Amino acid sequence: KAGVTQTPRYLIKTRGQQVTLSCSPISGHRSVSWYQQTPGQGLQFLFEYFSETQRNKGNFPGRFSGRQFSNSRSEMNVSTLELGDSALYLCASSLRLAGGDTQYFGPGTRLTVL
Amino acid sequence: DQQVKQNSPSLSVQEGRISILNCDYTNSMFDYFLWYKKYPAEGPTFLISISSIKDKNEDGRFTVFLNKSAKHLSLHIVPSQPGDSAVYFCAASAAKSQAGTALIFGKGTTLSVSS
């Protein structure tokens, strides 16, 4: 079974631009979560989607948003990019709502903001 | 305030010996715990998990122990192999709470296994 895939793998943007990242979960998985990894803050939860609805949201500004499609694929969008948004963005999928269920991670998208 | 803490940033072990990685948590609502292994520029790879109704779970060379009263869990790798060298993350979630779906991660422990 194919794992979680994320596109693109690498992205370079400039301050003020916006970016959209894509995630395809493991086949049959309905929950998709997004995380940000930075050297200073570690791995931090952004949000989770299940059945096209945002079920949980971390402590990030409104510039960070996401959505999920009927086929469970998910996108996250960051508007008005700041230098501090440079990070590895990770997507994870699980069969059910992720609490109490194992989340499997994709390879990540490395975003660099110049 | 860190809810999941991995107090040892690094650990060095010889091949064939036991590696013990530790994790402490503060939120008593956490009821599901996981360990992930991660290489640079890659996503975390799931290793093993444990529910709060258990105190031990084994999978091959990996065993996770949970001490709920001490709010402490540990990952034992026996025997350690050079290929185990990576960053190990402890993560927790509170499945029954409103915000239970998020995984809260520790800062990680870098394990180096020498041959």
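Thresholds applied
Residues numbered from 1 in each chain as written. Chains lettered and ligands numbered in written order. Predicted model: local features only at pLDDT ≥ 70, side-chain atom pairs only at ≥ 80, totals over all residues. Heavy atoms only, no water. Salt bridge = Lys/Arg side-chain N within 4 Å of Asp/Glu carboxyl O. Helix = DSSP H or I, 4+ residues; strand = E, 2+ residues; numbered from the N terminus. Buried < 20%, exposed > 50% of the residue type's maximum accessible area, 1.4 Å probe, protein only. Contact = heavy atoms within 4.5 Å. Buried area = accessible area lost by both parts, 1.4 Å probe. Polar contact = N/O pair within 3.5 Å; in protein donor to acceptor, adjacent residues only side chain to side chain. Pairing = 2+ DSSP bridges. Axes fitted to C-alpha atoms, helices over the stretch in contact; angles between N-to-C directions. Disulfide = S-S within 2.5 Å. Core = buried A, V, L, I, M, F, W, Y, C linked by side-chain atoms within 4.5 Å. 1 Å grid on protein atoms, 1.4 Å probe; cavity = no way out; pocket = protein on both sides within 12 Å on 5 of 7 lines; lining within 4 Å. Points joined across faces, edges and corners; volume = space filled by probe spheres on them. Nonpolar A, V, L, I, M, F, W, Y, C, P; charged D, E, K, R; others polar.

Caption draft 1: Spatial organisation of the pattern of salt bridges. Residue and element names in this part refer to chain A. Throughout the structure, instances matching the rule amount to six salt bridges over all chains. The closest approach of N and O atoms between Glu82 and Arg63, which form a salt bridge, is 3.6 Å. Taken as a pair, Glu82 in the loop between strand S8 (74-78) and strand S9 (87-94) and Arg63 in the loop between strand S6 (53-57) and strand S7 (64-68) lie far apart in primary sequence, 19 residues in all. Its relative accessible area of 42% is what places Glu82 among the partly exposed residues. We classify Arg63 as buried; its relative accessible area is 16%. One salt bridge in this structure joins Arg67 and Glu75, with 3.3 Å as the shortest N-O distance. What makes Arg67 partly exposed here is its relative accessible area of 46%. Glu75 gets classed as buried once you look at its relative accessible area, which sits at 16%.

Caption draft 2: Geometry of the interface of chain B and chain A. Across the contact, 20 residues belong to chain B and 23 residues belong to chain A. When the two sides are added together, the surface that chain B and chain A hide from each other amounts to roughly 1,600 Å², 58% of it contributed by carbon and sulfur. Seen at the junction of chain B and chain A, the total is zero salt bridges. Inspection of the chain B/chain A interface yields seven residue pairs in polar contact (both at pLDDT 80 or more). In terms of residues, the side of chain B that touches chain A owes the most to one element, strand S4 (residues 32-38) of chain B, which gives four residues.

Caption draft 3: Region of interest: the sheet that holds strand S1 (residues 5-7) of chain A. Residues and elements named next belong to chain A. Taken in spatial order, the four strands line up as S1-S3-S8-S7 in an open sheet, and their pairing is antiparallel. In the strand order of this sheet, the two ends are held by S1 and S7, each with one partner. In this sheet, neighbouring strand axes are inclined to one another by 20° on average, regardless of whether the strands run parallel or antiparallel. As judged from the five bridges shared by S7 and S8, these two strands associate in the antiparallel manner.

Caption draft 4: Structural view of the state of the cysteines. Evaluation of the coordinates by the stated rule reveals two disulfides over all chains. One disulfide bridge connects Cys23(A) with Cys91(A), the sulfur atoms lying 1.7 Å from each other. The chirality of the disulfide connecting Cys23(A) with Cys91(A) is left-handed, given an S-S dihedral of about -55°. With a gap of 68 residues between them, Cys23(A) in strand S3 (residues 19-24) and Cys91(A) in strand S9 connect regions that are remote in the sequence. We note that Cys23(A), like Cys91(A), is buried. Through a disulfide, Cys23(B) is tied to Cys90(B); the S-S separation comes to 2.0 Å. Here the disulfide of Cys23(B) and Cys90(B) is left-handed, its torsion about the S-S bond being about -70°. Separated by 67 residues along the polypeptide, Cys23(B) in strand S3 (residues 19-25) and Cys90(B) in strand S9 (residues 86-93) bring together distant segments of the chain. Take Cys23(B): its relative accessible area is 0%, and that puts it in the buried class.

Caption draft 5: Just the nonpolar core, in detail. Core analysis: the largest hydrophobic core is formed by 24 residues, its most contacted members being Phe33(B), Trp35(B), Leu73(B), Leu75(B) and Tyr88(B). Of all the secondary-structure elements, those providing two or more residues to this core are S3, S4, strand S5 (45-51), strand S7 (62-67), strand S8 (72-77), S9 and strand S11 (109-114) of chain B. In terms of residue count, the dominant contributor to this core is S9(B) (four residues). If sequence neighbours within four positions are ignored, Tyr88(B) has contacts with Gln6(B), Leu21(B), Trp35(B), Tyr36(B), Lys37(B), Leu47(B), Leu75(B), Ile77(B), Gly108(B), Thr109(B) and Leu111(B). Val4(A), Met76(A), Tyr89(A) and Val113(A) belong to the second-largest nonpolar core, a separate cluster that totals 21 residues.

Caption draft 6: Main features of the environment of Thr14(A). Residues and elements named next belong to chain A. Structurally, the position occupied by Thr14 is in the loop between strand S2 (10-13) and S3. By relative accessible area, which is 40% here, Thr14 ends up partly exposed. Along the backbone, Thr14 and Leu114 are 100 residues apart, and their C-alpha atoms lie at a distance of 4.6 Å.

Caption draft 7: The arrangement of the layout of surface pockets in detail. A volume near 180 Å³ is recorded for the second largest pocket. For the second largest pocket, the full set of lining residues is Gln37(A), Thr38(A), Pro39(A), Gly42(A), Leu88(A), Arg110(A), Lys38(B), Pro40(B), Ala41(B), Phe89(B) and Lys107(B). Class assignment of the residues belonging to the lining of the second largest pocket gives a composition of five nonpolar, three polar and three charged.

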